[in-house]
Amino acid sequence: MVDYHAANQSYQYGPSSGGNGAGGGGSMGDYMAQEDDWDRDLLLDPAWEKQQRKTFTAWCNSHLRKAGTQIENIDEDFRDGLKLMLLLEVISGERLPKPERGKMRVHKINNVNKALDFIASKGVKLVSIGAEEIVDGNAKMTLGMIWTIILRFAIQDISVEETSAKEGLLLWCQRKTAPYKNVNVQNFHISWKDGLAFNALIHRHRPELIEYDKLRKDDPVTNLNNAFEVAEKYLDIPKMLDAEDIVGTLRPDEKAIMTYVSCFYHAFSGAQKAETAANRICKVLAVNQENEHLMEDYERLASDLLEWIRRTIPWLEDRVPQKTIQEMQQKLEDFRDYRRVHKPPKVQEKCQLEINFNTLQTKLRLSNRPAFMPSEGRMVSDINNCWQHLEQAEKGYEEWLLNEIRRLERLDHLAEKFRQKASIHEAWTDGKEAMLKHRDYETATLSDIKALIRKHEAFESDLAAHQDRVEQIAAIAQELNELDYYDSHNVNTRCQKICDQWDALGSLTHSRREALEKTEKQLETIDQLHLEYAKRAAPFNNWMESAMEDLQDMFIVHTIEEIEGLISAHDQFKSTLPDADREREAILAIHKEAQRIAESNHIKLSGSNPYTTVTPQIINSKWEKVQQLVPKRDHALLEEQSKQQSNEHLRRQFASQANIVGPWIQTKMEEIGRISIEMNGTLEDQLSHLKQYERSIVDYKPNLDLLEQQHQLIQEALIFDNKHTNYTMEHIRVGWEQLLTTIARTINEIENQILTRDAKGISQEQMQEFRASFNHFDKDHGGALGPEEFKACLISLGYDVENDRQKQTGSMDSDDFRALLISTGYSLGDAEFNRIMSVVDPNHSGLVTFQAFIDFMSRETTDTDTADQVIASFKVLAGDKNFITAEELRRELPPDQAEYCIARMAPYQGPDAMPGALDYKSFSTALYGESDL
């Protein structure tokens, strides 16, 4: 049954009408005025009147048969008003006043007036149609009244792409028949004469009913009969016209064709509603099936993991010790294999189990389902407790293994430690006795003697250090004896030999020291002068080497101050040269005195000075080198001084220009920031002002080009710093680019606000109110709101985040509403506010721009599936019944989801129950956790 219930919008039909129709498509009143004028002439055409009679009679019968009756003659059967009132009740779904059952003319007129009053109550103004004409059987007025009813209840509410009524129906036909050849629907008369348009409509929605490719344009009677017969047989659309009536008329009646076509529209729109309802149910059932699958997976994974833990813990608690190290090491290797191979997959399973549990709970919450409760003992907390027990057993087992292995290894370790320390000590003592007995000091010089004494002192220190090792060897041997080590005899023998050798080395060391000290005193006198020479020659030689290195050192300076510092240091160095020359002569005099004493006492010196390699020849050679390098250094410093003076000029030149351009850019940035938050004039005025401001910025570009040229000269001179300005060329470039970007972005924001205002229908006053609220809470004037500022701004505009709607109380203005919110302590829900923040701040930057704020305030909310919507969808599939059958579910839903519903729906128990009836209401509420499924 087609639903023709419509909203009570007022339309006027007739010559004086001026009302507007619903939706797009022009003035419905004007259209009906033209129709009325046209009817006065066209209804006189017998062919058109015949077509209207047939069509209107069939249309009325298609509705009256729902009440178990019909009409034969449209002029006569409506005269008493009874069937006319019954027709209006069927098509409107409303009850009319009780009719009068009398046979007199006044009773008939009263009944017809009740019907006409009902039509007028639906916003239809009847012009020139009175009850008397209908009671008298006036064919023209009766057909006009029926056409008015058809327009109001069958055609008026047709809406396609913002067009309605006749234009909407015509557009629907054009859209549906566009892909078909030889079909070009431009009206409701000539375009339908060859019958192809009727067949195309049926084939577009039910292709299995029509073999469209076999139809021929030159056989209109066959085409029309085929379409009418198929529609009557399969689509429950009664045959309203004869093919011969349409073909035999030069121009078929438009009203008849429109009435016939509207039946096709309503037949197919009902099928589309059923398909939409089926899709909604499929979506809900798919979510439920997926959730059940996740629940089953969780239960299976939890059972498997708990079973593995129960099997593993007894193995870890087995603490029976083994007799050998090899057996204990095998146990340790088995434990490590458990850690590397067996446990990691279980760790991954545990992690995946928790992830699946959280994912399932999230999906249930998002689809308005109750939370999932695992079976007893399989909660995430239960698994964590078992896992904690497993790790405690694992830790205790590992500690036990390591302690046992350490206990068994200790004896072998002590024996090996004794052997190692004994071998090291024996290797150290090898050759030491022969060295202490050697008499090499008898032919040595004083320096050799001193060297031998220092070497002997080092040996004595080494000997004392080895005392600890000898004591450790003895202690280990003692411990092995106490532990009854099987090879204690060999250990004791070797230990005794080491101790005896140690005593002998101590005696030889003392004897050699006395001999070395006696020989040293005999050569000290001759050696004093050599020592004095060495003490003074070494630092002087180092000074000359440092001087030569400094004089030849390459220098890199970047400022005039640095080069002047180098020149000052060089002048100071030159002032020390006379003192250095006197020190050189004193050192050479010491060497000559040592030679004179050796010659006068006939002492044969063995070679050169033993305390230094610096000879008088070396000292003189290096002094001459220093004298040559000083003037070369003077020349290099003067050249660098000239270069730095030139660089200083370039720095000052660049700094002078940069100190002008840099503050100018900064000032412009601040001015743009002020302009972007001020509300001077309309958005178009602001846009014009910003574009003029942009042109003034672009005109400043030559100053930047001049600065680039000066910067290029600085780079060519390899100048890297400039104390005369804080601005670098990179800073200037970045500032300039940011300035251009900021002004372009600000212009774009204004343009986007204009687009938003025009697209969303926001008035200039609303836009200013949004901007004023945004600026009020933008305390730092940064052009963006933080979360708390954004929340306060929403509340100030009367936005109820908890209901995701803008809430206005009565007729209060926004100021009154803000005061009410503040006085009642109204607050925003955290969860809902976080959802809103994810919309206006998808990148999670923590800031809400004005454009995002405007987009949000103009965005319409979307609805979500609810239990009531699913119940309504099932009711559509059930044909408005309070129950549904398995056959209807299998016809409308995919097989797997149809069977899913049949298996879970309880039998329907209502008063209108029938065999096989299923209760879809309780099933729908169970899907959303409002009852048990």
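Residues numbered from 1 in each chain as written. Predicted model: local features only at pLDDT ≥ 70, side-chain atom pairs only at ≥ 80, totals over all residues. Heavy atoms only, no water.

A.B. asks: I would appreciate a short explanation of the overall build of the protein in the present structure.
C.D. replies: If you tally the helices and strands in the protein, you get 32 helices and 10 strands. A separation of at least 24 residues holds for 72% of the contacts in the protein among residues at least 6 apart in sequence. Accessible area for the protein stands at about 50,600 Å²; split by element, carbon and sulfur atoms hold 50% of it. (Helix = DSSP H or I, 4+ residues; strand = E, 2+ residues; numbered from the N terminus. Contact = heavy atoms within 4.5 Å. Areas by Shrake-Rupley, 256 points an atom, 1.4 Å probe, with all protein chains shown as cover.)

A.B. asks: Even after reading the chapter, I still don't get the nonpolar core, so can you show me in this structure?
C.D. replies: Nonpolar side chains in soluble globular proteins tend to end up buried together. With 77 residues, the main nonpolar core has Trp59, Ile149, Trp192, Phe198 and Phe264 as its most contacted residues. Examining the composition of this core, we find that 11 residues originate from one element, helix 6 (residues 139–155), more than from any other. Beyond its immediate stretch of four places on either side in the chain, Phe198 contacts Trp192, Leu224, Ala227, Phe228, Ile257, Tyr260, Val261 and Phe264. One finds Ile665, Ile714, Ile754 and Phe777 within the second-largest nonpolar core, a separate group that totals 47 residues. (Core = buried A, V, L, I, M, F, W, Y, C linked by side-chain atoms within 4.5 Å. Buried < 20%, exposed > 50% of the residue type's maximum accessible area, 1.4 Å probe, protein only.)

A.B. asks: Honestly, helix 21 (residues 683–698) in this entry has me stumped. Any pointers?
C.D. replies: Helical geometry note: an α-helix holds 3.6 residues per turn, so side chains three or four residues apart project in the same direction. Here helix 21 contains 16 residues, and its C-alpha end-to-end distance of 23 Å stays within 8% of the 22 Å for a straight helix at 1.5 Å per residue. Along helix 21, the positions that sit buried rather than exposed are Leu683, Gln686, Leu687, Leu690, Tyr693 and Ile697. Relative to the axis of helix 21, the buried residues are bounded by an arc of 125° and lie together on one face. (Expected span 1.5 Å × (residues − 1). Arc of directions from axis to C-beta.)

A.B. asks: I'm lost on the packing of helix 29 (residues 867–877) against helix 32 (residues 920–927) in this one. Help?
C.D. replies: Axis angle and axis distance: for two packed helices, these are the angle between their axes and the distance between the axes, and together they describe the pair. Orientation of helix 29 relative to helix 32, taken along the N-to-C sense of each, is 150°, at an axis distance of 9 Å. In terms of their interaxial angle, helix 29 and helix 32 are classed as roughly antiparallel. When the axes of helix 29 and helix 32 are compared, the crossing they make is right-handed. Residues Ala867, Val870, Ile871, Phe874 and Lys875 of helix 29 touch helix 32, and the partners they reach there are Tyr920, Lys921, Phe923, Ser924 and Thr925. (Axes fitted to C-alpha atoms, helices over the stretch in contact; angles between N-to-C directions. Parallel < 35°, antiparallel > 145°, perpendicular 65-115°, else oblique. Left-handed = near helix turned anticlockwise from the far one by under 90°.)

A.B. asks: What is the right way to read unusual backbone geometry from this model?
C.D. replies: You will see that Asn182, though not glycine, has its phi angle at about 65°, which is positive. Locating Asn182 in the fold gives a position in the loop between helix 7 (165–177) and helix 8 (196–205). Take Asn182: its relative accessible area is 46%, and that puts it in the partly exposed class. For Asp236, which is not a glycine, the phi torsion comes out positive at approximately 60°. By secondary structure assignment, the location of Asp236 is in the loop between helix 9 (220–234) and helix 10 (243–247).

A.B. asks: Whenever I open this one, the pattern of salt bridges confuses me. Can you help?
C.D. replies: Oppositely charged side chains are able to pair whenever their charged atoms sit close together. Scanning the model with the defined rule gives 47 salt bridges in all. Note that Glu290 and Lys363 form a salt bridge whose closest N and O atoms lie 2.6 Å from each other. Residue Glu290 is found in helix 11 (residues 254–316), and its partner Lys363 is found in helix 12 (residues 325–366); the two are separated by 73 residues along the sequence. Two residues, Glu394 and Lys343, come together in a salt bridge whose shortest N-O distance is 3.1 Å. (Salt bridge = Lys/Arg side-chain N within 4 Å of Asp/Glu carboxyl O.)

A.B. asks: I would appreciate a short explanation of the environment of Glu671 in the present structure.
C.D. replies: Structurally, the position occupied by Glu671 is in helix 20 (residues 616–677). For the pair formed by Glu671 and Tyr693, sequence separation is 22 residues and the distance between their alpha carbons is 9.9 Å.

A.B. asks: Please explain the packing of aromatic side chains as it appears in this structure.
C.D. replies: Two numbers describe a pair of aromatic rings. These are the distance of the centres and the angle of the planes. Counted by the stated rule, this structure contains 32 aromatic pairs. Ring centres of Trp664 and Trp736 lie 6.4 Å apart, and the angle between their planes is 25°; on these two criteria the pair is classed as stacked. Taken together, the residues span a long stretch of sequence, with Trp664 in helix 20 and Trp736 in helix 23 (residues 729–760) at a distance of 72 residues. Summarising the burial analysis for this pair, Trp664 and Trp736 share the class buried. A connected cluster of aromatic rings, assembled from ring pairs, spans Phe188, Trp192, Phe198, Phe228, Tyr260, Phe264 and Phe268. Between the NZ or CZ atom of Lys881 and the centre of the ring of Phe883, over which it lies, the distance is 5.8 Å. (Phe/Tyr/Trp six-rings, centres within 6.5 Å; stacked < 30°, edge-to-face > 60°. Lys NZ or Arg CZ within 6 Å of the ring centre and 35° of its normal.)

A.B. asks: Any chance you could explain the state of the cysteines here in plain terms?
C.D. replies: Covalent bonding between the sulfur atoms of two cysteines is what defines a disulfide. Scanning the entire structure with this criterion turns up 0 disulfides. With no disulfide of its own, Cys495 lies 4.4 Å from the sulfur of Cys499, the closest cysteine sulfur. (Disulfide = S-S within 2.5 Å.)

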